[in-house]
Amino acid sequence: MKQDNAMLRVDDLTVRYGSHVTVDHVSFSVEPGQWLMIIGPNGAGKSTIINAISQGIKYEGNCYYEGRDLAKCKPRERARDLGVLSQNHFVGYDFTVEEVIRMGRYAYAPKMFSQERDKDGTALVEAAIEKTGMEPYLKQSVLTLSGGELQRTFLAQLFAQNPRLLLLDEPTNHLDLIYQKQTFALINEWLKEEGRAVVSVVHDLSLAKAYGTHAMLMQKGRVQAMGTIEDVMNPELLNATYNMDVYQWMGEMYSQWK
């Protein structure tokens, strides 16, 4: 991938927990219009990369958004450009679904004594609610939601936030099949607007292959391959990384539906 047009550039990213290296000198870039799928077996460091870019953990190396060092950006500034969806949400507050979705606009809320207004906020919130099908739950406490309903609530919050780069860690975790399909279709439609990009951790290789434009294959904290979906998701690379015949296994599983 070219570096000069990069929306996101990660240089020599390394994450350590004591003496254990979780992510080992990883570098990559993402350009507008691309959907980078980070794939690999458990323990490969995939989610750690998302956490580092979103400034959730300490790391060595550099993460740049359009040339700006993310570590030096204020949280409010980052939130206008980067949207993050985790695979698990700890909710310890009794807010309604609507209140949580509207929190996606906090980066655009006027400062004290400011004359500014979040002019686009209402329309974006309403569109996010409609897209994710959360209208029936708006007045319901998030403490009463199922895992899938909660994930859709935070996806709606993300759409209301309206960032240009999405960082997704297993975005369809806990979701039923119909909402898995809907979520990826919604993200794919969102990506079609100019100047947007997506980086997501995905365990389901079928979803990665169906929706990704590019892929980064990880194993034990290191990059095994990086490039277009077609280049990375080939039998030789996948079999070596997963230590199994991936294509044969996938074929056997899907043959049961014929």
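We now turn to the structure provided with this report. (Residues numbered from 1 in each chain as written. Predicted model: local features only at pLDDT ≥ 70, side-chain atom pairs only at ≥ 80, totals over all residues. Heavy atoms only, no water.)

1. Section: the side chain of Thr14
Inclusion rule: Labels follow the DSSP assignment, with helices taken as runs of H or I lasting at least four residues and strands as runs of E lasting at least two, numbered in each case from the N terminus. Pairs of N or O atoms within 3.5 Å make up the polar contacts considered here, provided that, within protein, one atom can donate a hydrogen while the other can accept it, and that residues adjacent in sequence are counted only when both atoms are side-chain atoms. The contact definition used throughout considers only heavy atoms, calling two residues in contact when any of these lie within 4.5 Å.
With respect to the helices and strands, Thr14 occurs in strand β1 (residues 8-17). Polar side-chain contacts of Thr14 include one of 3.1 Å to the backbone nitrogen of His25. When sequence neighbours within four positions are dropped, the list of residues in contact with Thr14 reads Val21, Val23, Asp24, His25, Tyr59 and Glu60.

2. Points about the packing of helix α5 (residues 147-161) against helix α6 (residues 177-191)
Let me state the cut-off plainly: Every angle, taken between N-to-C directions, lies between 0 and 180 degrees, and every axis is a line fitted to C-alpha atoms, over only the stretch in contact when it is a helix. What sets the label is the angle itself: under 35 degrees gives roughly parallel, over 145 gives roughly antiparallel, 65 to 115 gives roughly perpendicular, and the rest give oblique.
Between α5 and α6, the least distance of the axes is 12 Å, while the angle of their chain directions is 10 degrees. The angle between the axes of α5 and α6 places the two elements in the roughly parallel class. Mapping the contact onto sequence places Arg152, Leu155 and Phe159 in α5 and Tyr179, Thr183, Leu186, Ile187 and Trp190 in α6.

3. Side note on unusual backbone geometry
We apply this condition: Burial here depends on accessible area, computed with a 1.4 Å probe over protein chains only, as a share of the maximum for the residue type. Under 20% is buried, over 50% is exposed, and the range in between is partly exposed.
Unlike most non-glycine residues, Glu66 shows phi in positive territory, near 45 degrees. A relative accessible area of 39% means that Glu66 is categorised as partly exposed. You will see that Lys220, though not glycine, has its phi angle at about 50 degrees, which is positive. Relative to the assigned elements, Lys220 resides in the loop between β9 (214-219) and β10 (222-228). Given a relative accessible area of 72%, Lys220 falls into the exposed group.

4. With respect to the nonpolar core
Note the following rule: Buried residues of nine kinds, namely Ala, Val, Leu, Ile, Met, Phe, Trp, Tyr and Cys, make up a nonpolar core once their side-chain atoms join them within 4.5 Å.
Counting 43 residues, the largest nonpolar core has Met37, Ile39, Val97, Ile101 and Val198 as the members making the most contacts within it. Broken down by element, this core gets its largest block of residues, seven residues, from α5.

5. Here we look at the layout of surface pockets
Under the convention used in this document: Cavity means a closed set of points on a 1 Å grid over the protein atoms alone, one where a 1.4 Å probe fits but cannot get out, pocket means an open set with protein on both sides within 12 Å along at least 5 of 7 lines, and lining means a residue has an atom within 4 Å of a point. Grid points are joined across faces, edges and corners, and a volume is the space filled by probe spheres set on the points. Put simply, Ala, Val, Leu, Ile, Met, Phe, Trp, Tyr, Cys and Pro go in the nonpolar bin, Asp, Glu, Lys and Arg in the charged bin, and everything else, Gly too, in the polar bin.
Looking at the largest pocket, its volume works out to about 490 Å³. Lining the largest pocket are 23 residues, with Leu82, Gly83, Val84, Tyr106 and Gln161 positioned closest to its centre. For the lining of the largest pocket, the secondary structure elements donating two or more residues are α1 (46-53), α2 (75-79), β6 (82-85) and α5. Counted by class, the lining of the largest pocket contains eleven nonpolar, ten polar and two charged residues. Taken as a whole, the second largest pocket holds about 150 Å³ of empty space.

6. Considerations on the pairing of β10
To keep it simple, the criterion reads: In short, DSSP must find at least two bridges between two strands for them to pair.
Strand direction decides the pairing type here: β9 and β10, joined by six bridges, are antiparallel. Paired with Met218 across the strands is Val223, a residue of β10. The turn joining β9 and β10, which pair antiparallel and follow one another in sequence, is formed by two residues; a positive phi near 50 degrees is taken by Lys220.

7. Considerations on the pairing of strand β2 (residues 20-30)
Examined bridge by bridge, β1 and β2 share seven bridges and lie antiparallel to one another. Bridge assignment links Tyr17 to a residue of β2, and that residue is His20. Taking the residues between adjacent antiparallel strands as the criterion, β1 and β2 are bridged by two residues, where Gly18 takes a positive phi near 65 degrees.

8. Notes on the packing of aromatic side chains
Going by this rule: Here the aromatic set is Phe, Tyr and Trp, taking the six-membered ring for Trp, and pairing holds for ring centres within 6.5 Å; pairs whose planes are under 30 degrees apart are stacked, those over 60 apart are edge-to-face, and all others are tilted. The rule for a charge over a ring is simple: NZ of Lys or CZ of Arg within 6 Å of the ring centre, and within 35 degrees of the ring normal.
Evaluated as defined, the whole model comprises four aromatic pairs. Pairing Tyr93 with Phe95 gives two aromatic rings, centres 4.8 Å apart and planes at 40 degrees, and the pair type is tilted. For Tyr93, a relative accessible area of 27% translates into the label partly exposed. One aromatic cluster is present, formed by Trp35, Phe184 and Tyr211 through successive ring pairs. For the cation-ring pair, Lys131 lies above Phe159, with the distance from its terminal atom to the ring centre recorded as 5.7 Å. The ring of Tyr179 carries the charged tip of Arg152 above its face, separated from the ring centre by 3.8 Å.

9. Observations concerning the sheet that holds strand β3 (residues 35-39)
Strands pair in a sheet through their backbones, by hydrogen bonds, and they do so in one of two ways: parallel or antiparallel. Read from one edge to the other, the open sheet built from six strands follows the order β6-β7-β8-β3-β9-β10, with strand pairing classed as mixed. The sheet is open, and its two borders are formed by β6 and β10, each paired with just one other strand. Ignoring strand direction, the axes of neighbouring strands in this sheet form an average angle of 15 degrees. Sitting on the sheet, helix α9 (residues 235-242) touches β3, β9 and β10, and the angle it makes with β9 is about 30 degrees.

10. Observations concerning the pattern of salt bridges
Applied cut-off: We count a salt bridge whenever a side-chain nitrogen from Lys or Arg sits within 4 Å of a carboxyl oxygen from Asp or Glu.
For the structure on display, the rule yields ten salt bridges. We note a salt bridge from Asp24 to Arg222, for which the minimum N-O separation is 2.7 Å. In this pair, Asp24 sits in strand β2 while Arg222 sits in strand β10, placing the two residues 198 residues apart along the sequence. Take Asp24: its relative accessible area is 18%, and that puts it in the buried class. Between Lys139 and Glu98 there is a salt bridge, with its nearest N and O atoms 2.7 Å apart. Residue Lys139 is located in the loop between α4 (121-132) and α5, and its partner Glu98 is located in helix α3 (residues 97-102); the two are separated by 41 residues in the primary sequence. Here Lys139 falls in the exposed class, since its relative accessible area comes to 67%. For Glu98, a relative accessible area of 16% corresponds to the buried category. Three or more residues are tied together by salt bridges with common partners; here these are Arg68, Glu77 and Asp81.

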